[in-house]
Amino acid sequence: MNLARKESLGYASQAMDMDAHSQLDRALRRLLRPLVRIMLRQGVSFGEFSEIAKRTYMEIAWDEFTPSDARPSDSRVAIMTGLTRKEVKRLRETRAQATEVSTNHMNRATRVLSGWFRDPDFCDERGQPRVLNMTDDGPQFPALVRRYSGDMPPRAMLEELRRVKAVSVDEEGIHVLSRSFVPAGGDPDSLRMFGLAMSDLGNTIEHNLDEGPDGDLLFQRYVSNARLNPRMVPLFKRLLAERGMQLLESLDDWLSSEEQEEDASTSPAHVGAGIYFFDRSDEPPTDD
């Protein structure tokens, strides 16, 4: 291959790298806009966000980007991340102090609601969830909680479900209002769910980018239309809510039917899917 040809290929490769970098820069700015809005509403300063970003850079580089034939080191992580060795050492030594709040009660509440809708013991002859009471004689609310949430006290579960308006209580008993555990905006659990949703979607996208077009891709699709009649937006939102919930409930039924026993020899898999609505009408027009 002659020199001119080599130089031409080299420039082309650099141009592709620059284009990929600019697209990543654009993607990061778009990703950060809703994150920054949430952080500003919650009073998170740039200094706090910077510390979180530094810690995450250190953890990912230390845990996942060290060659298999090498040991992780402060110097290697510093070179890879752009942090100083002093910062890496400080972040590493304080890593054990950073603890995450458990989402176990959210998972338990979700299982209780799902079981209420699909378990025949807690449904009527039409397959609809029955009104339950707090008595401990047969398939009532305490039995539902024991079956689907382990050792969480029924009274504590009831208060949690009332707090997020998933149930109501009157003289007839306990009425279930929602199959999903959806806390109100600003509630600590809503922020935990936001983190889980962003993490799950981000991990799916990262996996697909890393695999390439011929790899083992995870399902990741969406539909959009930039010319929809504005009067049809409320209709589309209702359509998505109805059909999306139907799909998610059918998937939830299938997942629940395929759960393995707690005493199984293999560790269970934790998988799922999500559906969301978006509206870019207030954003400036783009070519994507």
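Procedures and definitions
- Starting from 1, residues in each chain are numbered consecutively following that chain's sequence as written.
- In view of the model being predicted, local features appear only for residues whose pLDDT reaches at least 70, and side-chain atom pairs are presented and counted only at 80 or more, with totals across whole chains, interfaces and linings using the full set of residues.
- Side-chain descriptors were evaluated using all non-hydrogen atoms of the structure, hydrogens and water having been removed beforehand.
- Here a strand is any run of E in DSSP of at least two residues, a helix any run of H or I of at least four, and the numbering for each starts at the N terminus.
- Contacts were defined at the residue level, with two residues in contact if any of their heavy atoms lie within 4.5 Å.
- Geometry is summarised by axes, namely lines fitted to C-alpha atoms with helices restricted to the contacting stretch, and by angles between N-to-C directions that run from 0 to 180 degrees.
- Roughly parallel refers to an angle under 35 degrees, roughly antiparallel to one over 145, roughly perpendicular to one between 65 and 115, and oblique to any angle outside these ranges.
- By convention the crossing between two helices is left-handed if the near helix lies anticlockwise of the far one by an angle smaller than a right angle, and right-handed if it lies clockwise.
- Just so you know the grouping, Ala, Val, Leu, Ile, Met, Phe, Trp, Tyr, Cys and Pro go in nonpolar, Asp, Glu, Lys and Arg go in charged, and all remaining residues, Gly too, go in polar.
- Each patch is assembled from residues with relative accessible area greater than 30% and no salt bridge, linking like charges that lie within 9 Å and nonpolar side chains (Val, Leu, Ile, Met, Phe, Trp, Tyr) that lie within 5 Å.
- Computed with the Shrake-Rupley method and a 1.4 Å probe, the accessible areas treat only the protein chains shown as cover for residues.
- Salt bridges are identified by distance alone: a Lys or Arg side-chain nitrogen within 4 Å of an Asp or Glu carboxyl oxygen.
- When accessible area is computed with a 1.4 Å probe and restricted to protein chains, residues below 20% of their type maximum are described as buried, those above 50% as exposed, and intermediate ones as partly exposed.
- Strand pairing is assigned whenever DSSP identifies at least 2 bridges connecting the two strands.

Topic: the side chain of Ser149
Here is step 1: Looking at the secondary structure, you find Ser149 in helix H6 (residues 141-149).
Here is step 2: Sequence-distant contacts of Ser149, that is, excluding residues within four places in its chain, are made with Arg108, Val112 and Met157.

Some remarks on the packing of helix H5 (residues 104-118) against H6
Here is step 1: Between H5 and H6, the shortest axis-to-axis distance is 9 Å and the interhelical angle comes to 120°. Here H6 runs oblique to H5, going by the angle between their axes. Between H5 and H6 the crossing geometry is right-handed. Contacts between H5 and H6 involve Arg108, Arg111, Val112, Gly115, Trp116 and Arg118 from the first element and Phe141, Leu144, Val145, Tyr148 and Ser149 from the second.
Here is step 2: Class assignment for the residues of the contact of H5 with H6 results in 6 nonpolar, 2 polar and 3 charged.

Quick word on a nonpolar patch on the surface
Here is step 1: A cluster of nonpolar side chains, namely Val223, Leu228, Met232, Leu235, Phe236, Leu239 and Phe277, defines an oily patch on the protein surface of about 600 Å² accessible area.
Here is step 2: Residue classification places Phe236 among the partly exposed positions, given a relative accessible area of 36%.

Some remarks on the pairing of strand E2 (residues 173-176)
Here is step 1: Bridge analysis of strand E1 (residues 167-170) against E2 gives 4 bridges, and the strand direction is antiparallel. Among the inter-strand pairings, Asp170 is bridged to a residue of E2, identified as Gly173.
Here is step 2: Linking two consecutive strands that pair antiparallel, namely E1 and E2, is a turn of 2 residues.

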